[in-house]
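Residues per chain, in single letters:
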Amino acid sequence: MKEQLEKIYSDALNDLEKASSLSDLDEVRAKYLSRKGEFNEIKKNLKNLSDADKRIVGSLANEITAKLESTIKVKHDEFYKKELNEKLAKERLDVTLPGKFIPRGKVHPLTSTTNEIVSIFQSLGFSVVESKDSPEVETEYFNFDMLNIPKDHPARDVQDTFFTTLAPNVVLRSQTSGAQIHVMEDQKPPIRVISPGRVYRNENINARKNNFFHQIEGLYIDKDITFGDLKGVLNEFIRLYFGSSRPTRFRNSFFPFTEPSAEVDVQCIMCQGKGCRTCSGTGWLEVLGCGMVDPNVLRGVGIDPEVYSGFAFGMGIERLAMLKYAIDDIRLFFNDDVRFLKQF
């Protein structure tokens, strides 16, 4: 049995000499040192030997096993380092090479402008109207009647408003102002809300107009609200949106649902009020319309105008984005031109 052990050890060393990879070493280890390996088979037969022979053969078997394990470990470390170096050499990266450009999507400028405007008004205490109170498909009741717009008003003409085939009085809303009626019918004052969304008008498309665009409507109803409150809120919004205080002016205007009504201009961003092509030489740019809520509108929704007053305002998101980013054509927002969009 001693000679058999030495013969197995010699065969194992020969197999190790022939091994050239980690997988070869695994095969040698399995052949000689596993539970079914040749050395383990010898150890199983020790029970048939005398006590004296058991000590001699057992000791020799353990010694040969230890030597073989040590040799395999040395070989394993050698092959592991070799294969690792070959792999690293094969997969080596030149860190001086420029990286691959991976296009990334970004938030659309209209979305980012909307988010910015909403965030500003939320910081001023306004909340966003729920979508159920600001539908894009409206009835004339909310889009016109309750906003104090008479039946013969030009805004009801089919040249301005998109009428649907759902019913004679169902339209695509032409302004977000209808949301204030929904809110005032559902809530009691105080009310302080904004309503962003898409609106539709039957316009000829050009650099300044589109047949659908985005607005934000604002409404504040409470006791003792004055035009001074309106000016304070809007001047603060303009300061926060444009990044610094800008000269503003409130011009008399007319909207059926506010009285008095005004349009708000800011000093031209391009020429700083000196007069240029962008502002048609006036030095001013219109940014929004506003006014005190007409008492007839308050009565229509069951709010006593002798107790409560308030103001409303509306602004075009495209126009504000065009002013802030010096964009001269509204159609650029809707053309999906990557050259334009990637600038934002």
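This text goes with the structure placed above it.
Every value quoted in this text rests on a predicted model; they were computed, and no experiment measured them. (Residues numbered from 1 in each chain as written. Predicted model: local features only at pLDDT ≥ 70, side-chain atom pairs only at ≥ 80, totals over all residues. Heavy atoms only, no water.)

**Student:** Hey, could you run me through the layout of surface pockets in this one?
**Tutor:** Gaps left between atoms show up when a probe the size of a water molecule is rolled over them. The space that makes up the largest pocket amounts to roughly 1100 Å³. Along the walls of the largest pocket sit 41 residues, with R201, F213, Q215, F255 and E286 positioned nearest its centre. Elements represented by at least two residues in the lining of the largest pocket include exactly strand 6 (212-222), strand 7 (248-255), strand 8 (258-267), strand 9 (284-293), strand 10 (309-316) and helix 10 (317-325). Ranked by the residues each element gives to the lining of the largest pocket, the list is headed by strand 9, at six residues. Here the residues of the lining of the largest pocket sort into 17 nonpolar, 14 polar and 10 charged. (1 Å grid on protein atoms, 1.4 Å probe; cavity = no way out; pocket = protein on both sides within 12 Å on 5 of 7 lines; lining within 4 Å. Points joined across faces, edges and corners; volume = space filled by probe spheres on them. Helix = DSSP H or I, 4+ residues; strand = E, 2+ residues; numbered from the N terminus. Nonpolar A, V, L, I, M, F, W, Y, C, P; charged D, E, K, R; others polar.)

**Student:** Any chance you could explain the sheet that holds strand 4 (residues 170-172) here in plain terms?
**Tutor:** By way of backbone hydrogen bonds, the strands of a sheet pair with one another, either parallel or antiparallel. Ordered in space as 2-4-3, the three strands form an open sheet in which the pairing is antiparallel. Among the strands making up the open sheet, the edge pair consists of strand 2 (137-139) and strand 3 (162-163). The pairing of strand 2 with strand 4 spans three bridges and is antiparallel. Paired with T139 across the strands is V170, a residue of strand 4. (Pairing = 2+ DSSP bridges.)

**Student:** I tried to follow unusual backbone geometry on my own but got confused; where do I start?
**Tutor:** Trans peptide bonds make up most of the peptide bonds, and negative phi angles are found at most residues other than glycine. The residue after P189, namely P190, is reached through a cis peptide bond having omega 5 degrees. In this structure, P190 sits in the loop between helix 7 (178-186) and strand 5 (191-200). Residue E259 is joined to P260 through a cis peptide bond whose omega torsion reads 0 degrees. If you trace the backbone, P260 turns up in strand 8. The backbone phi angle of D224 is positive, close to 65 degrees, even though this residue is not glycine. Positive phi, normally seen in glycine, also occurs at D336, with a value near 55 degrees. Position of D336 relative to the elements: it lies in the loop between helix 10 and helix 11 (338-341).

**Student:** I tried to follow the nonpolar core on my own but got confused; where do I start?
**Tutor:** A general tendency of soluble globular proteins is for nonpolar side chains to be buried together. Counting residues in each nonpolar core, the largest one holds 40 residues, and the members touching the most others are I117, F121, F237, F311, F313 and M315. For this core, the secondary structure elements donating two or more residues are helix 5 (109-123), strand 6, helix 8 (227-242), strand 8, strand 9, strand 10 and helix 10. Tallying contributions element by element places helix 8 first for this core, with seven residues. In this structure F237 touches I117, I120, F121, M315 and L320, once residues within four positions along its chain are discounted. Counting residues in each nonpolar core, the second largest holds 20 residues, with V129, F144, V183 and V301 among its members. (Core = buried A, V, L, I, M, F, W, Y, C linked by side-chain atoms within 4.5 Å. Buried < 20%, exposed > 50% of the residue type's maximum accessible area, 1.4 Å probe, protein only. Contact = heavy atoms within 4.5 Å.)

**Student:** Help me understand the side chain of T113, please; the structure alone is not making it clear to me.
**Tutor:** Secondary-structure assignment places T113 in helix 5. For T113, a relative accessible area of 1% puts it in the buried group. Contact partners of T113, with chain neighbours within four places excluded, come to Y241, I317, A321 and Y325.

**Student:** Would you take a moment to explain the packing of aromatic side chains for this structure?
**Tutor:** Two aromatic rings are characterised by how far apart their centres lie and by the angle between their planes. Under the criterion given, the structure shown has 18 aromatic pairs. Taking 5.9 Å as the distance between ring centres and 80 degrees as the angle between the ring planes, the aromatic pair formed by F333 and F340 counts as edge-to-face. The same class applies to F333 and to F340, which are both buried. Among the aromatic residues, those joined into a cluster by ring pairs are F121, F126, Y220, F237, Y241, F242, F311 and F313. A cation over a ring is seen here: R192 above F126, with NZ or CZ 5.9 Å from the ring centre. The positively charged end of R192 is found above the aromatic ring belonging to Y220, 4.7 Å away from the centroid. (Phe/Tyr/Trp six-rings, centres within 6.5 Å; stacked < 30°, edge-to-face > 60°. Lys NZ or Arg CZ within 6 Å of the ring centre and 35° of its normal.)

**Student:** I keep staring at helix 5 and nothing clicks. Help me out?
**Tutor:** Since the α-helix packs 3.6 residues into each turn, any two residues three or four apart lie on the same face. Between its terminal C-alpha atoms helix 5 stretches 21 Å, which fits the 21 Å expected from 15 residues at 1.5 Å a residue. Of all the positions in helix 5, only P109, L110, T113, T114, I117, V118, I120 and F121 are classed as buried. For helix 5, the arc enclosing every buried residue in end-on projection is 165 degrees, short of the 170-degree limit, so these residues lie on one face. G125 occupies a position one or two residues after helix 5 and carries a positive phi of about 100 degrees. (Expected span 1.5 Å × (residues − 1). Arc of directions from axis to C-beta.)

**Student:** Mind showing me how you'd approach the packing of helix 5 against helix 8 here?
**Tutor:** Between two packed helices, both the angle of their axes relative to each other and the distance between the axes serve to describe the pair. Interhelical geometry of helix 5 versus helix 8 gives an angle of 135 degrees and a closest axis separation of 10 Å. Between helix 5 and helix 8, the interaxial angle falls into the category oblique. Judged by the sense of rotation from one axis to the other, the crossing of helix 5 with helix 8 is right-handed. Facing helix 5, whose interface residues are T113, E116, I117, I120, F121 and S123, helix 8 presents V233, F237, L240 and Y241. In the contact of helix 5 with helix 8, the residues fall into seven nonpolar, two polar and one charged. (Axes fitted to C-alpha atoms, helices over the stretch in contact; angles between N-to-C directions. Parallel < 35°, antiparallel > 145°, perpendicular 65-115°, else oblique. Left-handed = near helix turned anticlockwise from the far one by under 90°.)

**Student:** I would appreciate a short explanation of the pattern of salt bridges in the present structure.
**Tutor:** Side-chain pairs of opposite charge can arise where the charged atoms are in close proximity. Tallied over the full model, the rule gives 13 salt bridges. D133 serves as the salt-bridge partner of K132, at 3.3 Å between the closest nitrogen and oxygen. Its relative accessible area of 7% is what places D133 among the buried residues. For the salt bridge of D186 with K132, the shortest nitrogen-to-oxygen distance reads 4.0 Å. You can see D186 sitting in helix 7 and its partner K132 sitting in the loop between strand 1 (127-128) and strand 2, a full 54 residues away along the chain. Taken as a pair, D186 and K132 share a single burial class, namely exposed. Linked through salt bridges whose partners overlap, the residues forming this network are R249, R251, E263 and D265. (Salt bridge = Lys/Arg side-chain N within 4 Å of Asp/Glu carboxyl O.)

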